[in-house]
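Coordinate analysis (summary)
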Amino acid sequence: MSPSTAEIRTSDNDRTDVKRMKKEDEIRQSVKDKFFPGLFEQESRDTIRKAVEVSQPYPHCKISKLINDDLLRRVHKEIFSKLNFTTKETDIYKVNQTGDLANIDGLDEKERNDLSSLFELRNAIYSKEFREFVSEVTGCGALSPTKMDMSVNTYTEGCHLLNHDDVIGTRRISFILYMPGDPDEHWDPSFGGALELYPVIERDTPANEPTVSVPPQWNQFAMFTVLPGYSFHSVEEVVVKGKPRLSIQGWFHFPQEGEVGYKKDAEKSDSLSTLQQLEAAVDAKENFEQYKTELDDEATLGLSEEDLIELSTWMNPIYLNTEFIAQITDKFLDESAVQLKEILNEELFSKIKAATFKCDEMDNFTKAIMPPHGTGIRGDWVVQGSPVSQRFLKLAKDVKSNEETSVLFGQLRSYFQSEAFRHWLAVLSQALPTGYRGMARRFRPGHDFTLATTNVRGQAVLDVTLCLATTPNTEAAEKWESCEFGGYECYMDAHEGDDDPATYRFNDDDGALLTMAAGQNELSLVLKDENVMRFVKYVSARSPGARWDVSFEYDLPEEQEEKA
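Here's what I pulled together on the structure shown here.

Thresholds applied
Residues numbered from 1 in each chain as written. Predicted model: local features only at pLDDT ≥ 70, side-chain atom pairs only at ≥ 80, totals over all residues. Heavy atoms only, no water. Core = buried A, V, L, I, M, F, W, Y, C linked by side-chain atoms within 4.5 Å. Buried < 20%, exposed > 50% of the residue type's maximum accessible area, 1.4 Å probe, protein only. Helix = DSSP H or I, 4+ residues; strand = E, 2+ residues; numbered from the N terminus. Contact = heavy atoms within 4.5 Å. Phe/Tyr/Trp six-rings, centres within 6.5 Å; stacked < 30°, edge-to-face > 60°. Lys NZ or Arg CZ within 6 Å of the ring centre and 35° of its normal. Pairing = 2+ DSSP bridges.

So, the nonpolar core
In a soluble, globular protein the nonpolar side chains are often hidden away together inside. Membership of the largest hydrophobic core comes to 50 residues, with the highest contact counts inside it found for Phe421 and Trp424. Sorting elements by how many residues they give to this core places helix 12 (residues 419–429) first, with six residues. For phenylalanine 421, the contacting residues outside a window of four places in its chain are Leu311, Trp314, Met315, Tyr415, Phe416, Val464, Leu523 and Tyr554.

Next comes the structure, spelled out in structure tokens:
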């Protein structure tokens with residue numbers, strides 16, 4: 001009896017299903033072979049998942065070995081022989097980076113063959129098998145099978161990435177695959193380059209110091225869930241010379257429209273964007289301390305005898321000379337900015353120079369090493385944050401200790417609040433300050449900075465900053481002057497309409513309105529217009545010491561702003 005047509009079709013379908021399943025098994029095994037042996041075993045999955053569940057300050061994990069070592073070594077060789085890096089630097093980072101590796105698909109056949117190992121690695125990381133693995137161990141839910149977002153970064157000496165939460169677009173999981181230095185050498189944590197995770201004091205406000213540090217190692221993989229307002233992290237500066245911290249940085253994304261697991265606006269959050277957080281840090285006008293008396297136009301004509309006597313106790317006599325002040329005024333009115341060298345008299349400056357250098361030596365800030373978090377807190381100096389926008393030591397409002405720098409900078413701060421200095425500013429700038437706000441600061445190497453915030457008050461303010469960067473010798477002065485070691489102050493036009501922390505910051509095409517290197521005993525005056533951004537660049541751990549300063553803003557009446 002011959003088989004029926006239905007039986008033949010069933011048999012054919014069964015064979016087709018067997019072939020298909022066999023093919024799928026081969027594909028799965030091929031993908032798994034690109035990863036470190038045992039990674040996909042249930043025991044490994046359970047271990048990683050449990051580590052994520054108990055992790056703090058937010059869900060994250062570290063996998064010591066992720067990729068097949070032979071593949072990763074080929075990728076490492078390929079990167080340095082075939083790829084070009086572009087150095088990018090803003091107020092928040094300095095890094096050498098390639099383009100988006102998602103664009104490999106668009107290369108011609110020869111170019112893609114030149115990057116065959118990197119192409120193989122990228123496809124393995126975004127494979128169905130690894131996406132499901134990531135989804136399972138992190139508990140994050142479905143991930144997009146099509147959206148790839150990955151680049152190669154190398155942090156050479158001086159490179160860093162300051163505090164941020166990675167919240168851009170549809171990012172769901174952030175990951176870093178490390179290939180630092182030589183594959184056969186251990187990366188010493190003293191080299192820097194650690195991933196640092198910050199807890200939050202409250203949503204959108206990270207603590208001033210991290211609680212988790214993950215130094216890079218060969219074939220190590222770190223990942224964390226991108227949580228708006230919570231997933232704050234940074235990359236510590238690399239301080240070792242000749243040993244690049246190479247890594248592949250990328251993100252897994254929420255499913256896109258039309259993909260399994262897609263939910264409209266799933267990534268939306270009521271948390272503030274990075275730019276909004278920075279703008280929120282700008283104080284309103286009422287935060288200015290208002291002077292008790294009003295000045296009229298006669299105040300711009302000259303100083304009284306009382307003013308001269310008071311100012312001479314701390315200011316270089318040349319800056320009390322009527323003719324010299326007139327020259328400075330002409331320059332300021334022409335350029336809206338001026339820098340005055342050797343502003344403090346010799347006696348006072350000698351005391352401050354000795355005290356600040358002594359402090360920096362005690363804290364090891366004069367050595368090219370990465371100091372521990374919390375270094376330098378003494379006397380009346382306290383940490384000012386939050387590091388989503390700034391971090392430095394600030395002198396407390398009431399100086400109660402006998403610590404030498406606290407006392408000296410408390411005196412300097414009082415000079416900036418005095419009526420005599422107000423009158424001097426009026427004569428020099430031909431503006432009439434109505435109020436002030438400001439502080440004495442210490443920017444510690446390897447830690448401190450301010451990110452770019454915008455003057456959104458609707459009128460100009462007068463910025464006055466006395467910089468006292470630690471400068472023990474000519475070499476140190478040249479380092480500060482080069483701006484390669486940070487600590488410089490920069491003014492730039494704001495980018496209207498950009499609400500994306502990846503795009504709103506300045507780039508090479510825009511340039512700065514004004515950049516002032518950290519100096520020693522220099523006073524700068526800048527008329528800062530509406531919508532002008534200002535920041536103090538992160539001070540490198542390789543700098544000659546700390547940037548000490550006294551920085552004040554002076555409020556101006558609207559009609560005076562129009563005059564100036």
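Structural notes on the packing of aromatic side chains
In this structure the tally under the stated criterion is 27 aromatic pairs. With centroids separated by 5.1 Å and ring planes inclined at 40°, the aromatic side chains of phenylalanine 175 and phenylalanine 252 adopt a geometry described as tilted. One end of the pair, phenylalanine 175, is in strand 6 (residues 171–178); the other, phenylalanine 252, is in strand 13 (residues 245–253), and 77 residues separate them in sequence. By the burial criterion, phenylalanine 175 is buried, and phenylalanine 252 matches it. When the centroid spacing of 6.1 Å and the interplanar angle of 35° are considered together, the rings of tyrosine 436 and phenylalanine 552 count as tilted. Residue tyrosine 436 is found in strand 18 (residues 435–443), and its partner phenylalanine 552 is found in strand 26 (residues 547–555); the two are separated by 116 residues along the sequence. Like phenylalanine 552, tyrosine 436 is buried. Within the aromatic cluster, the residues linked to one another by ring pairs are Tyr291, Trp314, Tyr415, Phe416, Phe421, Trp424, Tyr436, Phe552 and Tyr554. The lysine or arginine in question, arginine 171, covers the ring of tryptophan 251, its NZ or CZ lying 3.5 Å from the ring centre. Across the ring face of tyrosine 155, the terminal group of arginine 245 is positioned such that the distance to the ring centre comes to 4.7 Å.

Digging into the sheet that holds strand 23 (residues 514–516)
Ordered in space as 20-25-22-23, the four strands form an open sheet in which the pairing is antiparallel. Taken across any chain shown, the strands that pair with only one partner, and hence form the sheet edges, are strand 20 (453–454) and strand 23.

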